[in-house]
Amino acid sequence: MWYHRLSHLQSRLQDLLKGGVICQALPQPTFKSLLPLAVRWHHTASKSLTCAWQQHEDHFELKYANTVMRFDYVWLRDHCRSASCYNSKTHQRSLDTASVDLCIKPKTIHLDETTLFFTWPDGHVTKYDLNWLVKNSYEGQKQKVIQPRILWNAEIYQQAQVPSVDCQSFLETKEGLKKFLQNFLLYGIAFVENVPPTREHTEKLAERISLIRETIYGRMWYFTSDFSRGDTAYTKLALDRHTDTTYFQEPCGIQVFHCLKHEGTGGRTLLVDGFYAAQQVLQKAPEEFELLSKVPLKHEYIEDVGECHNHMIGIGPVLNIYPWNKELYLIRYNNYDRAVINTVPYDVIHRWYIAHRTLTIELRRPENEFWVKLKPGRVLFIDNWRVLHGRECFTGYRQLCGCYLTRDDVLNTARLLGLQA
Ligand SMILES: C[N+](C)(C)CCCC[C@H](N)C(=O)O
Ligand SMILES: O=C(O)CCC(=O)C(=O)O
Ligand SMILES: [Fe+2]
């Protein structure tokens, strides 16, 4: 019976491969267990960790450190760390992956202590340390988070008593900077205290951790409610929670705010952990979470004020998750800047509105709102991929300065300090 199904599959595979790479022996990925292969388990005990491996027709299977891993042979050839395949000084691959036969299989495999040796048909030998394989396998990665975080509502954040970092220690010591970045990565917000209330000092702070991301708003921006730009940020109106620059293909990673002056009332800043809210959606309505992570939307910025003419469009789902471990890495939420929805078919859109409502309800729960009054000297860094901000309406003269930072460069600084990011 399965012979029949198998030959059917083979002819389909052959159809798929027509005009492409034709392998002599086709891999049969879904029938591994059915194939009468001469596979056998090899067992070894190495350094108290037992290891078992099996050479299958189309892949290599390894059990080590409580992990069952399966490796494709092309993958194993491609990741060879020998001197001719990999430049360990520059950490770059020298091997031309396109030169690897897609049907490659090792001639022999053997294990010595904790090192696996693969000998390929041309005689080339690839060595892998078992621990390296565990660390770098899909199965190993799947169980890990890319970035550890503490999700918060107002109470959790306040109870955590996250300390602010002093400007001098931030600028002059590695420990101060590291402490700051650690808190920033965990909570998505962090403060620096005792900063002289000038644009130059704010810029110096920003440059300590990243490259400044110049945008249509400039490099360092400096704004009041002067209507100088075609956006409500430049008014005294209240702004509901949102993330910024949702209309960029890559929304700005970090936003820096420094209130240099406020003579008047109101104007408090609202902060909401978007990932905490998304987590609530995942728990209460997983299919809605999934929809928000799959349906692409447009956000748009159209400006035609004075000398400023801009038309920006960014496309992506509200929730962005890594497909292999479902970890959330970016929320794009701005109801002001959301464009006409014309990327979603009729039979999906209503469900999307329901899901969007569920998320909005979570984002608007008063217990999730953390309110702060920004003051001269206290600089706020916000992870714009995670934490939403808003503001209360205000009276009087209020001057805010700040900038956006490139996320890659903030994470780069964090990694160089030994933090997981
Ligand atoms: C004033 N400042 C430059 C900080 C931001 C202005 C951008 C506001 C826009 N609605 C958005 O959410 O992206
Ligand atoms: O005025 C504020 O406090 C923030 C306004 C805002 O949302 C922004 O500039 O991105
Ligand atoms: Fe904003």
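Heads up: the structure comes first, above all this text.
Presented here is a report on the structure given in the accompanying data block.

Cut-offs applied
- The numbering scheme is per chain: residues are counted from 1 as the chain's sequence reads.
- Here chains are named by letter from A upward and ligands by number from 1 upward, in the order in which they appear as written.
- In keeping with the predicted nature of the model, local features appear solely for residues at pLDDT of at least 70, side-chain atom pairs appear and are counted solely at 80 or more, and the whole-chain, interface and lining totals rest on all residues.
- Side-chain figures throughout are based on the complete set of non-hydrogen atoms in the structure, without hydrogens or water.
- Inter-axis angles, ranging from 0 to 180 degrees, are taken between N-to-C directions of lines fitted to C-alpha atoms, where helices are fitted over the stretch in contact.
- Each helix is a run of H or I in the DSSP string that is no shorter than four residues. Each strand is a run of E no shorter than two, and both are numbered from the N terminus.
- Each angle receives one of four descriptions, namely roughly parallel if under 35 degrees, roughly antiparallel if over 145, roughly perpendicular if within 65 to 115, and oblique otherwise.
- Two helices crossing with the near one rotated counterclockwise from the far one by less than a right angle form a left-handed crossing, whereas a clockwise rotation gives a right-handed crossing.
- We call two residues in contact when some of their heavy atoms are within 4.5 Å.
- Residue classes follow a fixed rule: Ala, Val, Leu, Ile, Met, Phe, Trp, Tyr, Cys and Pro count as nonpolar, while Asp, Glu, Lys and Arg count as charged, and any other residue, Gly among them, counts as polar.
- Whether a residue is near a molecule or strand depends on its heavy atoms: it is near if one of them lies within 4 Å of it.
- Polar contacts, as counted here, are pairs of nitrogen or oxygen atoms within 3.5 Å of one another; within protein the pair requires one atom able to donate a hydrogen and one able to accept it, and residues that are adjacent in sequence qualify only if both atoms are side-chain atoms.
- When two rings of Phe, Tyr or Trp (its six-membered ring) have centres within 6.5 Å they constitute a pair, described as stacked for plane angles under 30 degrees, edge-to-face for angles over 60, and tilted for the intermediate range.
- Whether a residue is buried, partly exposed or exposed follows from its accessible area with a 1.4 Å probe, protein chains only, as a fraction of its type maximum: under 20%, in between, or over 50%, in that order.
- The criterion is that NZ of a Lys, or CZ of an Arg, lies within 6 Å of the ring centre and within 35 degrees of the ring normal, and then a charge sits over that ring.
- Residue burial considers only the protein chains on display, and all accessible areas are found by Shrake-Rupley using a 1.4 Å probe.
- With water excluded from the atoms, a metal site may look incomplete; its donors are any N, O or S atoms within 2.8 Å, or within 3.2 Å for Na, K and Ca.
- Read the arc as the range of directions from the helix axis to the C-beta atoms.
- In this analysis, strands are considered paired if DSSP registers two or more bridges between them.

## Regarding the packing of helix 9 (residues 274-284) against helix 11 (residues 346-364)
Running from N to C, helix 9 and helix 11 point in directions that differ by 130°, and their axes come no closer than 9 Å. Compared by their axis directions, helix 9 and helix 11 come out oblique. Considering how the two elements wind past one another, helix 9 and helix 11 form a crossing that is right-handed. For the pair helix 9 and helix 11, the contacting residues are Gly274, Ala277, Ala278, Gln280, Val281 and Lys284 in the first and Thr358, Leu359, Glu362 and Leu363 in the second. Of the residues belonging to the contact of helix 9 with helix 11, the class tally is five nonpolar, three polar and two charged.

## Describing the site of ligand 2
Around ligand 2, the neighbouring residues are Phe223, Ala233, Leu239, His242, Asp244, Gln255, Phe257, His389, Arg391, Arg398 and Leu400. The side chain of His242 places a nitrogen or oxygen atom 3.1 Å from an oxygen atom of ligand 2. Arg398 places a polar side-chain atom, nitrogen or oxygen, 2.7 Å from an oxygen atom of ligand 2. Among the elements of the structure, strand 14 (239-242), strand 15 (254-263), strand 23 (387-391) and strand 24 (397-405) are those that each provide at least two residues to the shell around ligand 2. Along the lines of polarity and charge, the residues of the shell around ligand 2 split into five nonpolar, three polar and three charged.

## So, the packing of aromatic side chains
Under the defined criterion, the tally for this structure stands at 27 aromatic pairs. Seen in terms of ring centroids, Phe60 and Phe118 are 5.0 Å apart; in terms of plane orientation they differ by 80°. Their pairing is edge-to-face. Taken as a pair, Phe60 in strand 3 (residues 59-64) and Phe118 in strand 8 (residues 115-119) lie far apart in primary sequence, 58 residues in all. You'll find Phe60 and Phe118 in the same group, each marked buried. When the ring of Phe170 is compared with that of Phe381, the centres are 6.2 Å apart and the planes differ by 40°; the resulting orientation is tilted. Of the two residues, Phe170 sits in helix 6 (residues 167-172) while Phe381 sits in strand 22 (residues 379-383), which places them 211 residues apart along the sequence. Put simply, the rings of Trp53, Phe60, Phe71, Trp75, Phe118, Trp120, Tyr128 and Trp132 pair up and form one aromatic cluster. In this structure, Arg268 is placed above the aromatic ring of Trp371, and the distance from its NZ or CZ to the ring centre is 4.6 Å. The residue whose ring lies beneath Arg398 is Phe394, and the NZ or CZ to ring-centre distance is 4.9 Å.

## Some details on the site of ligand 1
Near ligand 1 you find 14 residues, and of these Asp231, Asp244, Thr245, Tyr247 and Asp337 are the closest. Take Asp231: an N or O atom from its side chain is 2.6 Å from a nitrogen atom of ligand 1. The contact in question runs from an oxygen atom of ligand 1 to an N or O atom on the backbone of Thr245, over 2.7 Å. Coverage of ligand 1 by the protein chains reaches 95% of its 370 Å² of free accessible surface. Of the residues contributing to the shell around ligand 1, the split by class is six nonpolar, five polar and three charged.

## Notes on unusual backbone geometry
Positive phi is not limited to glycine here, since Asn66 has a value of about 60°. Relative to the helices and strands, Asn66 resides in the loop between strand 3 and strand 4 (67-72). When its relative accessible area of 86% is taken as the criterion, Asn66 is described as exposed. One non-glycine residue, His91, lies in the positive phi region at around 60°.

## Details of the coordination of the iron ion (ligand 3)
Coordination sphere of the iron ion (ligand 3), protein contribution only: His242 (NE2), Asp244 (OD) and His389 (NE2), at 2.1 Å. As a motif over one chain, the donors of the iron ion (ligand 3) read H-x1-D-x144-H. Taken together, the residues span a long stretch of sequence, with His242 in strand 14 and His389 in strand 23 at a distance of 147 residues. When its relative accessible area of 7% is taken as the criterion, His242 is described as buried.

## Things to note about helix 12 (residues 407-416)
Turning to helix 12, its buried residues number three or more, namely Arg407, Val410, Leu411, Thr413 and Ala414. Within helix 12, the buried residues cover an arc of 155° as seen down the axis, which keeps them to one side. Opposite the buried face of helix 12, by more than 90 degrees, sit the exposed residues Asp408 and Leu416. Positioned one or two residues after helix 12, Gly418 has a phi angle of 90°, which is positive.

## Digging into the sheet that holds strand 9 (residues 125-129)
One open sheet accounts for three strands, arranged 7-8-9; its pairing is antiparallel. Where the open sheet ends on each side, the last strands, each with one partner, are strand 7 (108-112) and strand 9. Recorded for the sheet is a direction-independent mean angle of 20° between the axes of neighbouring strands. Alignment of strand 8 against strand 9, held across five bridges, turns out to be antiparallel. Each bridged residue has a counterpart across the sheet, and for Thr115 the counterpart in strand 9 is Asp129.

## With respect to the packing of helix 9 against helix 10 (residues 286-294)
It is at 5 Å that the axes of helix 9 and helix 10 come closest, and there the two elements cross at 130°. Classed by the angle they form, the pair helix 9 and helix 10 counts as oblique. Contacts from Ala278, Val281, Leu282, Gln283 and Lys284 in helix 9 reach Pro286, Glu288 and Phe289 in helix 10. Residues of the contact of helix 9 with helix 10, tallied by class, amount to five nonpolar, one polar and two charged.

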